[in-house]
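The primary structure of each chain is shown beneath.
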Amino acid sequence: MTSPKREFRPATLIDVLQWRALHQPEQVAYSFLEDGSVESFGLTYRELDRRARAVAALLQASEVSGSCALLLYPTGPEFITAFYGCLYAGVIAVPAYPPGFNRNTRRIPALVEDSGATVALTTSAVLGRLEQLSTAVPQLKTVRWIATDQIASGIEDERQDVFINGDNISFLQYTSGSTMSPRGVMISHSNLLYNLECCYRGWGHTPESIALTWMPHYHDLGLVEGLMTPLYGGFRCVVMSPATMVQRPLRWMQAISRFRVTHSGGPNFAYELCVRKTTAEERAELDLSCWTVAINGAEMVRNATLKRFADAFAVSGFRWTSNHPCYGLAEATCIVTSGVVEGAPVVCTVSAEALEQNRIEKAATGQANVRELVGVGRAVLDTKVVIVDPDSHKRCEDHEVGEIWISGPTVAQGYWNKLEETRENFRAYLSDTGEGPFLRTGDLGFMNGNELFITGRLKDMIIIDGRNHYPQDLELTVEQSHPALRAGGSAAFSIELNDTEQLVVVAEVDRDVLSLQSEEVLKAVRRALSEEHEIHAHAITLLRPDGLLKTSSGKKERHSCRNGFLQGTLEQWEVN
């Protein structure tokens with residue numbers, strides 16, 4: 001068998017699940033790992049279909065069809081069955097992180113208000129904490145809470161068929177809000193099916209693929225690529241929690257080795273963690289020769305990271321050609337571009353000075369002051385990618401950096417209840433040709449042939465003394481300047497001081513560091529910034545581990561870090 005589009009023509013994801021339940025009823029769709037090692041539960045297509053119909057029947061009895069439902073679950077089978085249950089009931093799913101006593105208490109009320117959700121689905125364990133949580137967050141009482149892990153057997157037979165077609169909204173993917181308030185991206189069933197075919201082809205899946213996901217299920221990479229693509233393609237998916245991976249990255253590698261996983265991935269920082277938090281002896285005991293596609297996306301892909309990971313895990317059988325950079329975003333459902341399966345990553349070395357002027361000049365051998373940029377692949381299927389001047393809205397020349405614009409069936413329907421922002425971001429047209437509409441991504445990049453390269457974010461650009469500085473470049477320099485600083489734990493931004501733009505850097509101290517001489521670290525950071533970027537930092541603040549402000553999906557919030565710095569509310573490292 002191959003992907004569903006070659007077997008039959010589904011109009012919705014419901015059609016796909018029902019087809020799997022009919023033709024592959026006893027095949028395990030999802031396996032769940034407890035503590036990242038012990039297989040605690042397996043969910044077949046038949047059982048997934050039954051459970052989803054039970055959730056749908058419960059929702060229909062609650063008379064919430066056609067509205068939005070928050071899904072607030074830890075990693076596990078309950079989330080998956082609730083998500084498909086919403087689809088079966090014609091309810092728009094809104095995946096989000098479950099509330100905790102010290103986290104996510106601000107985001108959920110915002111999601112309730114924006115989506116208009118009247119019901120929240122969760123587990124009985126989370127529901128048991130609701131009364132205490134509601135004291136701190138009164139808005140939690142405004143929705144009806146339902147625990148779906150205690151549904152009576154047989155209720156699935158009460159589920160009524162609902163007419164749903166490709167134009168119906170399947171779920172709202174809320175953006176992380178790293179530069180602005182969270183916005184609900186409306187993903188239709190047609191968007192979803194098209195993008196799942198993109199994932200299936202772009203990452204070279206077959207019915208014999210075995211996937212492993214640890215990415216959060218409320219993140220587009222964790223939800224669409226991680227959980228939905230395996231069901232779409234009819235192959236097994238192994239699921240582990242994000243906390244399990246972050247706390248001990250070796251568990252991720254061990255699970256790939258044990259279950260003979262062919263496809264798995266995450267953001268660049270995850271690969272850095274694996275290098276830093278594993279030993280040579282541990283790597284020697286792994287067999288990663290099965291891992292054909294190591295997806296690297298959701299943040300800037302670093303060539304240095306690709307090299308370090310491939311070198312460190314060569315003893316485990318990992319191949320350089322398994323590195324698989326890609327690019328996507330929630331507004332385009334998930335994947336936009338993908339590398340060539342079993343093809344080496346494409347690296348372009350350019351003049352850093354020219355890049356600061358938004359020009360691309362390939363560097364000569366031995367040239368100083370260069371940047372290594374990793375290609376994130378080619379547009380998949382009928383998706384179209386163009387590079388556009390963000391001010392004039394004219395297509396850029398081949399040697400120019402511009403904003404990445406996207407068109408095609410993968411582009412979502414817009415933002416939920418935000419007509420003006422939808423018009424601005426999803427209805428862009430080229431000013432010289434009138435071609436469109438395009439999705440404006442807010443990401444900067446260029447094309448080299450058919451290969452897309454990302455250079456930064458339009459709104460995160462730091463301009464000092466007339467020179468463009470990409471914050472991610474400054475952050476990488478900071479993190480590599482001293483071993484006490486945590487990889488992926490810094491943020492660079494600018495502030496206005498005496499009518500001039502000044503650089504500020506905040507950086508987390510690594511969790512394993514018990515004590516340090518703060519002044520020594522600060523000197524190392526200043527020296528590295530000066531030597532590598534010829535820039536002076538007005539202020540450098542060391543933060544406690546996990547002190548960097550991030551979104552619910554783990555992306556750094558540079559804007560919030562800036563506000564926290566100005567207001568003096570960041571959790572600073574205690575100076576020795």
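Here, the structure is the one placed above.
Residues numbered from 1 in each chain as written. Predicted model: local features only at pLDDT ≥ 70, side-chain atom pairs only at ≥ 80, totals over all residues. Heavy atoms only, no water.

## Quick notes on the sheet that holds strand β26 (residues 537-543)
Backbone hydrogen bonds are what pair the strands of a sheet, in a parallel or an antiparallel way.
Logical step 1: With mixed pairing, the three strands of this open sheet are ordered in space as β24-β25-β26. Edge positions in the open sheet fall to β24 (485-497) and β26, since each of these has one partner strand only. Taking each pair of neighbouring strands and ignoring which way they run, the sheet shows an average axis angle of 20°.
Logical step 2: Across nine bridges, the pairing between β24 and strand β25 (residues 500-509) is antiparallel. The partner of Ser494 across the bridge, within β25, is Leu503.
Logical step 3: Across the face of the sheet, helix α19 (residues 558-567) comes into contact with β24, β25 and β26 while running at roughly 65° to β24. (Pairing = 2+ DSSP bridges. Helix = DSSP H or I, 4+ residues; strand = E, 2+ residues; numbered from the N terminus. Axes fitted to C-alpha atoms, helices over the stretch in contact; angles between N-to-C directions. Contact = heavy atoms within 4.5 Å.)

## What to know about the sheet that holds strand β18 (residues 384-388)
Logical step 1: What the four strands build is an open sheet, ordered β18-β19-β20-β21; its pairing is antiparallel. Of all strands in the sheet, those with a lone pairing partner are β18 and β21 (451-457), marking the two edges. Each strand of the sheet is rotated relative to its neighbour by a mean of 50°, with strand direction disregarded.
Logical step 2: Two strands pair when backbone bridges link them, and strand β19 (residues 402-407) and strand β20 (residues 439-448) are joined in this way by four bridges, in the antiparallel orientation.

## Quick look at the environment of Gly116
Logical step 1: Among the secondary structure elements, Gly116 is positioned in the loop between α5 (107-115) and β5 (119-122).
Logical step 2: In this structure, the C-alpha to C-alpha distance between Gly116 and Ser490, residues 374 residues apart in sequence, is 35 Å.

## Let's talk about the pairing of β19
Logical step 1: Burial runs high along β19: six of the six residues are buried.
Logical step 2: As defined by bridge partners, β18 adjoins β19 across five bridges and the pair is classed as antiparallel. The residue bridging Ile387 from the neighbouring strand is Ile404, located in β19. (Buried < 20%, exposed > 50% of the residue type's maximum accessible area, 1.4 Å probe, protein only.)

## Structural notes on the pairing of β21
Logical step 1: Counted residue by residue, β21 has six buried out of seven residues, so it is predominantly covered.
Logical step 2: Alignment of β20 against β21, held across six bridges, turns out to be antiparallel. Across the sheet, the residue bridging to Leu444 is Gly456, located in β21.

## Notes on the packing of helix α2 (residues 13-23) against helix α4 (residues 77-89)
Logical step 1: Orientation of α2 relative to α4, taken along the N-to-C sense of each, is 115°, at an axis distance of 9 Å. If you check the angle between α2 and α4, you find them roughly perpendicular. You can see that α2 and α4 cross each other, and the crossing is left-handed. Residues Leu13, Ile14, Leu17 and Gln18 of α2 form the contact with α4, whose participating residues are Tyr84, Leu87 and Tyr88.
Logical step 2: Across the contact of α2 with α4, the residue classes break down as six nonpolar, one polar and no charged. (Parallel < 35°, antiparallel > 145°, perpendicular 65-115°, else oblique. Left-handed = near helix turned anticlockwise from the far one by under 90°. Nonpolar A, V, L, I, M, F, W, Y, C, P; charged D, E, K, R; others polar.)

Any link to function would need more than the numbers given here.
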